[in-house]
Amino acid sequence: MSGLNSPGAASSNVLELKLSMSRTFDVGIETLAGQVAVVPAAAVAGRHGHLGTFTVRASNLASASDAKLTNPAIASESSDGTKSFYLETFGCQMNAHDSEKVSGVLLGRGYRAVENPAQADLVLYNTCSIREKAAQKVFARLGDWKTVANGKIIGVLGCLAQQEGEEIFERAPWVSLVCGSASYRKLPELLAQLEAGGRRVTGLDLDTDETFETEITRRDNLIRAYITIIEGCDYSCSYCVVPHTRGPERSRASEAVIAEAERLAGAGYTEIQLLGQTVNSYRDPSARKWSFVELLRAVAAVPGIRRVRFTTSHPNDFHREIVHAIDETPALCDHVHLPVQSGSDRVLRAMRRTYTREEYLQKIEWMRAAKRPISITSDIIVGFPGETEADFEDTLTLLDAVQYDTIFSFTYSPRPNTSAKDMLDAVPEEEKSKRLAVLNERQRQIQIANNEKLVGETFEVLVDAHHAARGQWTGRSTSNRLINFTSTRAILLGEYVSVRVTRGGPNCIGGEHVL
Ligand code: SF4
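This one's a predicted model, so the numbers in the text were calculated from it and none came from an experiment.

Scoring rules and cut-offs
- Residues numbered from 1 in each chain as written.
- Predicted model: local features only at pLDDT ≥ 70, side-chain atom pairs only at ≥ 80, totals over all residues.
- Heavy atoms only, no water.
- pLDDT = per-residue confidence, 0-100.
- Contact = heavy atoms within 4.5 Å.
- Near = heavy atom within 4 Å.
- Nonpolar A, V, L, I, M, F, W, Y, C, P; charged D, E, K, R; others polar.
- Pairing = 2+ DSSP bridges.
- Helix = DSSP H or I, 4+ residues; strand = E, 2+ residues; numbered from the N terminus.
- Axes fitted to C-alpha atoms, helices over the stretch in contact; angles between N-to-C directions.
- Parallel < 35°, antiparallel > 145°, perpendicular 65-115°, else oblique.
- Left-handed = near helix turned anticlockwise from the far one by under 90°.

Remarks on the confidence of the model for the protein chain
The share of residues in the protein chain with pLDDT of 70 or more is 84%, and the mean pLDDT across the chain is 85. Note on residues 1-79: pLDDT under 50 across the span, and 197 contacts to partners over four residues away in sequence or across chains.

As structure tokens, then:
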């Protein structure tokens, strides 16, 4: 993509985006961890250092859908008369990337991003409803505007918007926009209604086979670019709100995905993460009807792309061909996140997970037999209704059998619009917490052992943060291991470097730069 990230455009560590209407957006550079990083000018000059500073003009933007911008660190007032927006995101990676696309829609309409909601004309919350706490947090944010909305437009997007619908207007009458993710394609129309003075505007339609395509996507992550390949979910896990909040499964055409990957490579990105609630259920709706594996191989073959990740995989759609593709394609990362949720067949049935423990372990076997060692991570829920001590023990023995590199563990919490909500035999909260602690301690021991075995190994790491106070850099290996390391070099952000592991703790790996 010409004009973006070109060496000639590099001039400072502040990125500048100019639109034809003479609107200017100044944006700072942010690391993966969300901390603002100071990037010396020299670090942003290289084409494949891919932290380029650039100026995007309107002529570029018309065709350039991937302005690689970061979280705005903006002038404090709309002195030029443009409309401004503030967007806060809760929840998962899918939400974070949806926000990048929503921001793109707003930038394309001439809005400018601000860091402080008090300075924004339009305040949006992109919400999560996976757990009660996340929902409460959003209502607390909305409560902040009760007496001070002052003509601002307040909007709720995402899962909570879909789940609560027009009820949000009842609880927070100062809200003007409620829009679920399945209706994001209608955002320009909804914004136009608001701009014309519309008081209450909703996008809550779930009945769609369309995906959310944007002319502009604001890229908040300078190291890794996200591409959604499938939206919604056709499974019906009994504890999960996603089918209700994100609608039915719909895949993007492979041509659109490849074109986006090519644009990202042209903008200097070398790492792409393909996203979907069930990413490996991908089915190309276009005439070429590519499978997920064909798409994976094609994205990995895009010139300039060195790493391709994908998340989240459903065990039911995890086929051996995915392992073969990882084995045969160095650009496909050797990491698979395969949520199991429970080690007990009885609980898996109650959860409607559509696989048995044995079938799940078969998939783990395929990965363990791969030529490239594959790092495996998972999600686990403890305290699902009816989970007995014996069921929980099955989950612990599954941990022992798989030896995950990391797990994300949760206690079950009932959610509206799920079939598990009214199940009997709830596990008491105290017992859930006890089981969670036992699970985490078992996994901690596994991680200590796994990480200690890595001492002496050398990994190629893509550097994504610098912690000046600790004198450390941070980066990820292709197996998605987070490695903290020291280096005598002063500029590394965005580079691929070799790091030798010198220590392995339960939650972190330490190393040193091999020059
Ligand atoms: S597969 Fe199950 S847990 Fe995952 S999004 Fe779909 S319903 Fe939810």
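Once you've had a look at it, read on.
Describing the site of the ligand
All residues in the neighbourhood of the ligand are listed as C233, Y235, C237, Y239, C240, V242, P243, Q277, T278, H314 and R353. Class assignment for the residues of the shell around the ligand results in seven nonpolar, three polar and one charged.

Observations concerning the sheet that holds strand β13 (residues 271-275)
Reading across from one edge, β10-β13-β14 is the order of the three strands in this open sheet, with parallel pairing throughout. Pairing within the sheet leaves two strands with one partner each, and these edge strands are β10 (224-228) and β14 (307-311). Across the sheet, the mean angle separating the axes of adjacent strands is 25° when strand polarity is ignored. Two strands pair when backbone bridges link them, and β10 and β13 are joined in this way by five bridges, in the parallel orientation. When the sheet's bridge partners are listed, R224 is paired in β13 with E271. Running over the sheet, helix α8 (residues 254-266) touches β10 and β13 and is turned about 165° from β10. Running over the sheet, helix α9 (residues 292-300) touches β13 and β14 and is turned about 150° from β14.

Concerning the packing of helix α2 (residues 93-108) against helix α6 (residues 187-195)
Where α2 meets α6, the closest approach of the two axes is 11 Å, and the angle between their N-to-C directions is 50°. As far as their axial angle goes, α6 and α2 are oblique. Here α2 and α6 pass one another in a crossing that is right-handed. The residues of α6 that touch α2, namely those facing V102, V105 and L106, are L187, P188 and L191.

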